[in-house]
Structure formats: C-alpha cells, structure tokens
Amino acid sequence: MSLIHEIDYGTPASKSEKTVTLTIDGREITVPEGTSLMRASMEAGIQVPKLCATDMVDAFGSCRLCLVEIEGRNGTPASCTTPVAQGLVVHTQTERLKSIRKGVMELYISDHPLDCLTCAANGDCELQDMAGAVGLRDVRYGYEGDNHVKARDTSGEANPQWMPKDESNPYFTYDPAKCIVCSRCVRACEEVQGTFALTIEGRGFDSRVSPGMHEDFLSSECVSCGACVQACPTATLTEKSVIEIGQPEHSAVTTCAYCGVGCSFKAEMRGEELVRMVPWKDGKANRGHSCVKGRFAWGYATHRDRILNPMIRESIDQPWREVSWEEALKHTASEFSRIQAKYGRDSVGGITSSRCTNEETYLVQKLIRAGFGNNNVDTCARVCHSPTGYGLGQTFGTSAGTQDFDSVEHTDVVIVIGANPTDGHPVFGSRLKKRLRQGAKLIVIDPRRIDLVDGPHVKADYHLPLRPGTNVAVVTALAHVIVTEGLYNEAFIRERCDWSEFQDWAEFVAEARHSPEEIEKLSGVPAELIRGAARLYATGGNGAIYYGLGVTEHSQGSTTVMSIANLAMATGNIGRKGVGVNPLRGQNNVQGSCDMGSFPHELPGYRHISDDATRDVFEKLWGVKLNNEPGLRIPNMLDAAVEGTFKGIYIQGEDILQSDPDTHHVSAGLAAMECVVVQDLFLNETANYAHVFLPGSTFLEKDGTFTNAERRINRVRKVMSPKNGYGDWEVTQELAKAMGLNWHYSHPSEIMAEIAATTPSFANVTYELLEEKGSVQWPCNEKHPEGSPIMHVDGFVRGKGKFIRTEYVATDEKTGPRFPLLLTTGRILSQYNVGAQTRRTENTAWHAEDRLEIHPHDAENRGLRDGDWVRLTSRAGDTSLRALITDRVAPGVVYTTFHHPDTQANVITTDFSDWATNCPEYKVTAVQVSPSNGPSEWQEDYTELSRRSRRIAGKMEAAE
Amino acid sequence: MNIHNPLGGPLGGVELRALEIVGSLKSLEGPLLPILHALQEEFGHIPQTVLPLIARELNLSRAEVYGVVTFYHDFRQDPAGRHVLKLCRAEACQSIGGEAFCNSVREALGIDWHETTPDGRVTLEPVYCLGLCSCAPAAMLDNELIGRADLAAVKAALAEAGQ
C-alpha cells in the first residue's frame, strides 16, 4: 500500500463537448474547448511548473512560473490562463522560459525561510518541488534585504514585516513567514467553500493573507473546512497533526462517518496512526471538498473515554464490571433467552444504527428477525426521516431522494425547506452556494434566518419565515398559486401522473381557504412572498427542492413530504438533472439503515413484512420462519416497557436517551427493562440505563459500506485494527453465535453478497463493482447495471405519480398563556447530533454548550441579557441553558441545538409525533423562558446519575 | 464561525451615519468603492467598525471589504491631519532630485512618512506618480498640485492653506 497521489491538472476541467487539437512539446493532444494550456499539457503528461494554480480553483495567473511560448504569438503567456485553440503549437520548455522561471523562483526564495529539513511540509511542498523543477542553484539577491521571514534583522531590530504564527485554530496553523501570497487559500475559501473568510490585505510587498479583518483564524469568519490548508502549496497552512507526526506514508479511500452527504476521503496514515483526512477529488458526493467535522474531527476515535472492554452489571445502580468478550456475549444471550422464556417471544427487540455500515445494520435486523424471532427492530430514522420514506413512497414509489448531488450544478431555482445545509450538510451547502453565485435563484422556507438567507454572495430571493408547524399550509398555498394561476405543467402531468388524481388535488388546493392571503393569517408569511415564491419555482427553469428535518419532524411530517412531492410533479420538476425532491439525510448511513430493513414492517429493500414472496426469500436463506406481523417501533417498545411487557433491548450505536423526544419517558422505559445492551464507542447517555456494554469500533477500524442521501453506496475501508478487538459486524455475529445461530461471515463483502442476493434494488452491488466504480447509486440491478444517479427518468417507480390531498391540521402543541413561545431545534456546523463524537474533539472551541436563541424583543420582555442563564419550560419538562440574543429567530420563536447532554433539550420536547410514522415533533414545542440562576434540578440529578452509572469497578473515576 | 452576532449590541452614531451612506449608494453597480469614498469624505477616514456593516449590507464578507480598503493607500484607517501633503517618489521625480526634496520637507516638518505633525495640521504621505512628470519633482497639498516643487513652494502652499 502506498500514498494515493491525485494528479493536479492545475485548472478545473472544461465541460465543453466541442474539442480542439493542438501540439504541446511535439505531442498532439485533443481536449475540450475552454481547457487551459496547463491542463492540456498535464493531460499529455507534461507538467508545466506552477505555484498559484491548482485544479480546485479557477486560474489566477499570478505566480508567473507556468509561462509557455506559442508559435506565431508574441511573449510568454501564462499557461493557466491561456485557453487551448485549434492547431496551436506550444513549447513549455525553452531557453527563454528557463531563465524567466529561474528568475521568478529566485525572487520567491529570497523571501522564504530555508528551513526545509525541519519544515512540516518537507516532502509535500510545491515550492520545494518547483525550486527543483526549475534548477534553482543560488539566489543572487541574498536574504538580508526586506523580508517577511525573520523576526529581527541582523542588528536585532524588530522586523515590522514579520508576523508570528497564528495557532488559534485547533487543527491547523498559519505561519505568515512561509507564505508566498499565491492566494490559493483565499480562492479556495471563496470558490470551493463559499465563506469568503480570507482576503489579501495590502498590496505589493505588504500583501498578506488575512483572515477576516486582520484577525486570527478562530475569531474570523472561518468555518475551518480546511480547503485552504489543502490548497496551500507550502507549509504556511498546515495541519497540526502533520506538524506533530510527520508526513503520511500510505492511504486508503474511505467515507466520512458524520452527515448524510457521505464525503469520500483519503485517510492518510503512518503505520496505524491516522495523520490526516484529505477529501478525495474523485468522491462523487463531495468532489474534493470537506467540512470541519470530516476533515478534522476524528480525534474521538482514539479518545481516552472510549470503552475498549466489554462490561456487565446486574443492575444500573452498580458499578460496571469489565469482563471477557466471551462472558459478555454468553451473559447477553442467556439474558435474552431468559427474558423471552419468561415474558414471551415479543418481549425483546433491537435498534439498528444509522452510524454503522449497511452490513452491520443488515446483521442486526437479521439477528432480531431470525434470532429473536420477532420484528421488534427499529432505527433512528424513526426520529428523523421516516416521513420521507412514507411520503415519497406513497407519491413516487421509492423512499429516497431523486437526484445525485451533482444535479445541483444544473438547477435554476432551489427551494430549501426546513433544512440548514451550511450547518447540517456543509459540503452540499458549499456546492449549493457555488450554484447560487452562478445565478441560480433561492427560496428559503424556514422560521429562522439561516445563513443561506443572507450572507456573503448569497441572498435568498424569497425567505418565507413561517411559524413552526405550518409547513403543510404554506406548501399547499404555493400549490394554490401554481394551480390557480395556471403555472402547472399539463403535458408532464398527463404523461407521468394520473390526470384524474391531479384534477382532484387541483380542486382541493384551489379552494379559497388555501390561498396565500388566508394562509398568511396562520403562518405569518406575507401572501405576496408566497405568491412570488410559487411563481419563481414554477416558471424559473429547473426547480429543485431540498428539505431536512424541519419538514419531517412534525405531527404532519409525512403530509409535508407529500405536499412537496405534489409541487414537484405539478411543475414537471422530476426525472432529469437539476430538478427533483431531495431529502438531506441526517446521518452518514441513515439511508442505508432504512434500505437494510431496519423498520419493524419492512424487510431490506422496503418490502413489507406481510409479503409472502419476500419473506419466503429470507426464510429459505436463513432457515427460519419469519413473523408476518410488523413489530414494535421505538416509542412502542418504550411504552410496552413502561407497561411491563417489553424487557430486553439490543441497541447498536444509538443514544436514544439523548436523541429521542421526551427524555423522561425514554428513561422510564429503559429503567423498566431487565436487560439493556448498548454497543457503542462511549458510555453514552443510554448506557446509564444499560446492563451490558459491548464496545464498538469506529469507521476507521472496519470494512463496509455507507449509503448517503443520494443513494450512493460508498466503501468504508479499514485503516487500523479495532481498539476494542472487533468490528461491530463481528460483535453482532458473535452474539448471534452465542444465541445458537449458525453465522460464518469472514468479511463484510460476504454480507453484501447476501444483501444483493435477497434485495432486488441491490442485485448488482458487489465489492468488486465498488472497487471498480468507486461508488454506485441504487437501484443497481439488471435494469441499471451501473446504478441510478437520477430516479424516475422515464416514469415513476410506482407507475403513475400520485397526487395526494394534503389537508393542514394544526398540531396539538399550541402556545398559550403558560407556554407562549415556540421552540424549534437544530444543529450547528461544528457539532454533530448528540455530540458523542464531536464533543470529544477540539470542535468544542466553536460550540462548547447549547445556547437558546431568542429574539431581542422576547428577551427584553423577560429582562434577559445575552449570556444569561434561562430556564426553558414545556409541559414535558424543564432545563436551563444560556441565552443568545439574535434576530435570526422571529419574535415568538426560540431555537436551540441538542448537542450537549447536560442541556438535554429533549427533556423539553413532547411525545407528539407524525401521524403516519411516529416521527417525533421535535420542531415544535410550546415553551416559556424565564431567568434562572443555573442548571435545573433535573440537570443536577442527571449529572449525579451519569456520574454514578459510569463507575467502573477497579478504575479511578476521572477527575472532574 | 462565531455563534455570536458580530453586529450585536447597539450601534453608535458613526455606524448609524455610515449605514445611511451605504443605504444611499448600495443600489449602484459595483457600489463598494463609491461607498468607501463617501465614507472617507464624511469621516476623513474609514472607521474599522463600519466594515462589517458594509459587508452585511452588500452581501460581502468582512474580509473582502477589509481587503479592498487596505489595497488602496488613499483609504485611511485613521484620521489624517487637517492637510495631507503628498510627495512623489516615483522614477521621474527621483531623477531630478526628488529624494533630496522629500528629505528637506520631512526635516522641515519634523515627521516621517505616514506621520502627522504634533499639532495635527499636516500628514505626510508618499505617492508614486501624480502624472506630473514633466514638472518634476511633484507634490500635492490636499487636492492642489505643485509642480517643480521645492521646500519653499511647499511652505508657501502650506501657508496659503492656513491652519
């Protein structure tokens, strides 16, 4: 194994279909029109010296190293900024060019430290490479003149041009002394990330890279995506891990284990030590970009909090006892059989993980269906995108997004509803912003003024700041405008959908009660904005809808998904590039965990458990009889536990205590069980109620696949041995064996083979195909042998697209005198979900605690100042946290994140849920906010409980 | 990646006046330079505190606005003296004794480049070509050009300009 080197072509690829042929250094080459001479040369195998060019950003032409000569043209043009033309004869190496380049390099090196041997970039420095390439042998100018390199001159005077190293960012350093001002970092921040946090300040010799207004990186607008570090050709911007460890020596391509974008990375290693993660240019989801989490926040994998030995205890008030794997698994198996013997077959169940691989998820549901003999299996998608599954399944026929992420490059009008891509799905957010800067229009439907509404080079054409809980009303009002103003696409509807169903739906949405003027009264969105947005979406060209949990986590989540599907069908925005309906999935493998049959009513591939033919396939293969009745969902398991009929649960990689709504109910359910088995990296909050703890492995420690939001199956590759001894799939297999099941998988590829053999939409998926293609998007079968980037191209999966009436029913969660504000919840960029991983990284530099966003008006009424402790109360419970006063939220709405267990925002959320799928209504809770002195009684009790329940016999408690 | 609103807290008089100026010019095509000129006209310099406001109003980042402001030497980050004297240090002026002329002025005023006399009357700035090469060495006091400049001519101009 060696380091994967990606070719840097110097400038981005041209998308032109027209080609031109030219001669470079005697070699004839044909490339697309618009290609730069530099790129064409590289494609012909000739590397023109360069410093300011790299193919992640547009050509800039500042370093003057890549000059070439063209026969019949004067001068020495820069090859990066000169496009190819038919018949050109180009020379990249002549006496004249050699001497110019050498002269340029002399100037660069005369103002650069000569500490190559001790420099962190030694071995990975383009400046060093170029000095070698141009044959630089000495620097006539010397090093004593004006420079940015030395803190003091020879006489000991301070050098005003020198700036100290900026080490404020936890993950990388900025050493201005090493900077050659090529501005690759500035352009990467602008063009790739779209944050515009960097600039070149000053001019001429005074030019410096400046974060913000000459600030340090941490206090600037920088979001720490690392694109600048990747772009830097010198050691000016360097990962601290590289400074500490040294250059990596081998690498493997793998998939990020954070959000549903599913970015591909090269894990660059030295032995079994991870040196850095570098986004892979060929990764089709991220195209070489990353966010702060994927690139930098992997320190949790080796965090001292990780539990590496199995543990058991008889009751949850005892300390944990470390035991052997054998004992832990034997104990678990005997507990489950004891409970089933005593309370019946259906008294146990399990939860699959959206953080684990497809193969691992498949095994857990198999263990429950074949081993436990019931269908009591559910997954965390229950609390996020189950309405997507239901809504899109009903209307289109499949439970998944219709597009690939590349599709956004062809979009003209984007609707973002109930999603905050720049925080929740940052790499997609960057790709979207890039398209917006190219002129695409944007409609944001969100109670908060998210960053996309108004920011550097981004401004939403329409922001519909609706009251939480009124999604269905507002989307139906958009449909009202489209129908009553005749903006629908009749040809598309007649061809692809059922015309009479459309007519029925059209009649429904056209009713006056759905008009924007009526809906304004309950949603608070001015009617003119709704009308304008509807007209723009219907008539602005390719219209794409991206949505998130702000759509699904409502009592009418499924209805909103269907109303979104209706909009797309009515305007013909389905089945080609640049359009579609795209759920932004929360977790790395939430799509995959749904695909793998994690729901109590569905076998892998979304086939209902009551379907005899499907059951037959699995019964024959597994040699067991399957129950044809759907099992319990997570909330039902907890209800049954409280009632005393559900006694044991196997939870792989999910922290339901922190992530599920109404924490009091969850803890009561868990406390009522006799055997709670938690398999995780850390003693998470749920483990406070567990009897068996099976240590889990990280994505770096196992092979497998993740399926991202665009249905893309990406390989996860093992780059280090599991610190706990086993990959999670092996743990499940060992548990199955302990329960007497005859499982013998020796590698996850064998599990994938079983998935492919049983599940039609995965029929052609093999590890060999993934090796060859990098990734594929399901369905991948005989009909689509190489997968399906876009769905419903020639017709809907279900046959005819189905229009469904979407009656708005207000949630029962209403504000009143006691609880006058609406709380909605979400994520922030630097933290991830319950924070189990990101809280154990340096990402806490940006977000050390959950804060309550509150409008200045509401704050003033309550006498609150920014940073004050406040008590947040709902009818479910109360918690305390500090206030953040901002007009990003409207008056009457408050907002917080749920990344920190000591806040426990879900103590506040209620048990209301989606009518179709039980997806909890996280996004609407009526609350009151009042001044407070500090943590609530519940928080203090809980902290004490956590401390007690995390004791491990024979080990010192960690000092606080 | 601050979670705090960078513009949090009440705005002062300078910021409010700056917002008025930004508001009156932001509909121009390429409004940033006209806005910066107007601010400098109003305040005699461009207060750093208004840069985030300009950025927000124009959908730019504060880094971008700062980059533009620092690129142009004529945009001042601190107030100048009541008069600004610019002396040309470019090639044509140097060829006809410009350096000696500059030194004589610096000595007479008792200040170096970019500095202001202690009484706040004159700020001295270098400039690289005023387009007056035929009458080198050249200088400029406020907006008045001085050709074939010498110390006496500068002193006379300063006297005429008053306090």
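Residues numbered from 1 in each chain as written. Chains lettered and ligands numbered in written order. Predicted model: local features only at pLDDT ≥ 70, side-chain atom pairs only at ≥ 80, totals over all residues.

(A) Representation of the overall build of chain B in the model. What chain B contains, in helices and strands, is seven helices and four strands. Judged by the C-alpha coordinates and their principal axes, chain B covers about 55 × 30 × 30 Å. Residues counted as buried form 28% of the 163 residues belonging to chain B. Long-range pairs, those at least 24 residues apart, make up 57% of the contacts in chain B with a sequence separation of at least 6. (Helix = DSSP H or I, 4+ residues; strand = E, 2+ residues; numbered from the N terminus. Buried ≥ 20, exposed ≤ 12 C-beta atoms within 10 Å, placed from the backbone. Contact = placed C-beta atoms within 7 Å.)

(B) Here's a closer look at the overall build of chain A. Each helix and strand in chain A was counted, giving 29 helices and 36 strands. Relative to the compact-globule value of 30 Å for 960 residues, chain A shows a C-alpha radius of gyration of 29 Å, a close match. Along the first, second and third principal axes, the C-alpha set of chain A runs to 90 × 75 × 65 Å. Buried positions account for 58% of the 960 residues belonging to chain A. Partitioning the intrachain contacts of chain A with sequence separation of at least 6 by distance along the chain shows that 72% fall at a separation of at least 24. (Rg over C-alpha atoms; globule rule 2.2 N^0.38 Å.)

(C) How the structure looks around helix 15 (residues 499–510) of chain A. Residue and element names in this part refer to chain A. With twelve residues, helix 15 extends 16 Å from end C-alpha to end C-alpha; this agrees with the ideal 16 Å at 1.5 Å per step. Among all positions in helix 15, only Phe-502, Trp-505, Ala-506 and Val-509 are buried. One face of helix 15 carries all of its buried residues, which in axial projection span an arc of 105°. Those residues of helix 15 that are exposed and angled more than 90 degrees off the buried face are Ser-500, Gln-503 and Glu-507. On its buried face, helix 15 is in contact with helix 13 (471–484), helix 14 (490–496) and helix 19 (557–570). (Expected span 1.5 Å × (residues − 1). Arc of directions from axis to C-beta.)

(D) Spatial organisation of the nonpolar core. Residue and element names in this part refer to chain A. In this structure, Cys-185, Cys-228, Ile-443, Val-474, Leu-478, Ile-530 and Ile-545 are the most contacted members of the largest nonpolar core, which totals 184 residues. At ten residues, helix 13 tops the list of elements feeding residues into this core. Setting aside residues no more than four positions away along its own chain, Val-474 makes contact with Ile-445, Leu-464, Leu-466, Ile-519, Ser-523, Val-525 and Ile-530. With 92 residues, the next largest nonpolar core counts Trp-320, Leu-329, Val-377 and Val-692 among its residues. (Core = buried A, V, L, I, M, F, W, Y, C linked by C-beta atoms within 7 Å.)

(E) Up close: the sheet that holds strand 1 (residues 19–24) of chain A. All names here are of chain A. Strand order in the open sheet formed by four strands is 2-1-4-3, and the pairing between neighbours is mixed. Each edge of the open sheet carries a strand with a single partner, namely strand 2 (27–32) and strand 3 (69–70). With two bridges connecting them, strand 3 and strand 4 (residues 89–91) associate as antiparallel partners. Looking at the pairing, Ile-70 lines up with Val-90 of strand 4. (Pairing = 2+ DSSP bridges.)

(F) Layout of the domain arrangement of chain A. All names here are of chain A. Its domain assignment divides chain A into domain 1 (19–133), domain 2 (172–302), domain 3 (333–384 + 589–703 + 717–761), domain 4 (402–419 + 426–578) and domain 5 (821–949). On the domain 5 side, the residues contacting the 17 residues of domain 3 number 20 residues. Taken together, the elements giving at least two residues each to the side of domain 3 that touches domain 5 come down to helix 23 (656–659) and helix 24 (663–671). Here the side of domain 3 that touches domain 5 gets three residues from one element, more than from any other, and that element is helix 24. Split into classes, the residues belonging to the side of domain 3 that touches domain 5 amount to four nonpolar, seven polar and six charged. (Domains from an automatic or database assignment. Nonpolar A, V, L, I, M, F, W, Y, C, P; charged D, E, K, R; others polar.)

(G) Quick look at the interface of chain B and chain A. At the junction of the two partners, chain B supplies 16 residues and chain A supplies 33 residues. No other element matches the seven residues that helix 4 (residues 62–71) of chain B contributes to the side of chain B that touches chain A. For the side of chain B that touches chain A, the residue count by class is seven nonpolar, seven polar and two charged.

(H) Region of interest: the environment of Ala-757 of chain A. Position of Ala-757 of chain A among the secondary structure elements: in helix 26 (residues 748–758). Between the C-alpha atom of Ala-757 of chain A and that of Leu-621 of chain A, which follows or precedes it by 136 residues, the distance is 9.7 Å.

(I) Examining the packing of helix 16 (residues 516–523) of chain A against helix 17 (residues 527–539) of chain A more closely. Residues and elements named next belong to chain A. Direction vectors running N to C along helix 16 and helix 17 enclose 120°, while the axes themselves pass 8 Å from each other. Accordingly, the angle class assigned to the pair helix 16 and helix 17 is oblique. In the packing of helix 16 onto helix 17, the handedness of the crossing is right-handed. In this structure, helix 16 contributes Pro-516, Glu-517, Ile-519 and Glu-520 to the contact, and helix 17 contributes Ala-527, Ile-530 and Arg-531. Per-class residue counts for the contact of helix 16 with helix 17 are four nonpolar, no polar and three charged. (Axes fitted to C-alpha atoms, helices over the stretch in contact; angles between N-to-C directions. Parallel < 35°, antiparallel > 145°, perpendicular 65-115°, else oblique. Left-handed = near helix turned anticlockwise from the far one by under 90°.)

(J) Highlighting the sheet that holds strand 17 (residues 441–445) of chain A. Residue and element names in this part refer to chain A. The sheet built from five strands is open, its strands ordered 20-17-16-21-22 with parallel pairing. If you trace the sheet from one side to the other, it starts and ends with strand 20 (462–464) and strand 22 (580–583), each paired once. Neighbour-to-neighbour, the strand axes of the sheet open up by a mean angle of 15°, direction not taken into account. With five bridges connecting them, strand 16 (residues 413–417) and strand 21 (residues 543–547) associate as parallel partners. Its bridge partner lying in strand 21, Val-414 is registered against Ala-544. Along the sheet face, helix 17 touches strand 16, strand 17, strand 20 and strand 21 and points at about 125° away from the line of strand 20.

(K) Focus on the confidence of the model for chain B. Residues and elements named next belong to chain B. In the predicted model, chain B carries a mean pLDDT of 91, and 94% of its residues have values of at least 70. Between residues 1–7, whose pLDDT stays under 50, and residues either more than four places distant or in other chains, the model counts 15 contacts. Interface confidence in the predicted complex, given as ipTM, is 0.90; pTM for the same model is 0.93. (pLDDT = per-residue confidence, 0-100.)

(L) A look at the domain arrangement of chain B. Each assigned domain of chain B is listed here: domain 1 (13–71) and domain 2 (83–161). Just the C-alpha atoms count here: the centres of domain 1 of chain B and domain 2 of chain B sit 29 Å apart.

(M) Local environment of the pairing of strand 27 (residues 692–695) of chain A. Residues and elements named next belong to chain A. In strand 27, alternate side chains face the same way, and those of Val-692 and Leu-694 on one face and Phe-693 and Pro-695 on the other are all buried. Across two bridges, strand 12 (residues 311–312) lies against strand 27 in antiparallel orientation. What sits directly across from Ile-312, in strand 27, is Val-692. Note: strand 26 (residues 675–680) against strand 27, four bridges, orientation parallel. Each bridged residue has a counterpart across the sheet, and for Val-678 the counterpart in strand 27 is Phe-693.

(N) Fine view of the packing of helix 13 of chain A against helix 19 of chain A. All names here are of chain A. Remark: helix 13 packs on helix 19, axes separated minimally by 9 Å, with the N-to-C direction vectors making an angle of 15°. Accordingly, the angle class assigned to the pair helix 13 and helix 19 is roughly parallel. With respect to the hand of their crossing, helix 13 and helix 19 are arranged in left-handed fashion. For the pair helix 13 and helix 19, contact is made by Asn-471, Val-472, Val-475, Thr-476, Leu-478, Ala-479 and Ile-482 and by Thr-559, Thr-560, Ser-563, Ile-564, Asn-566, Leu-567 and Ala-570, respectively.

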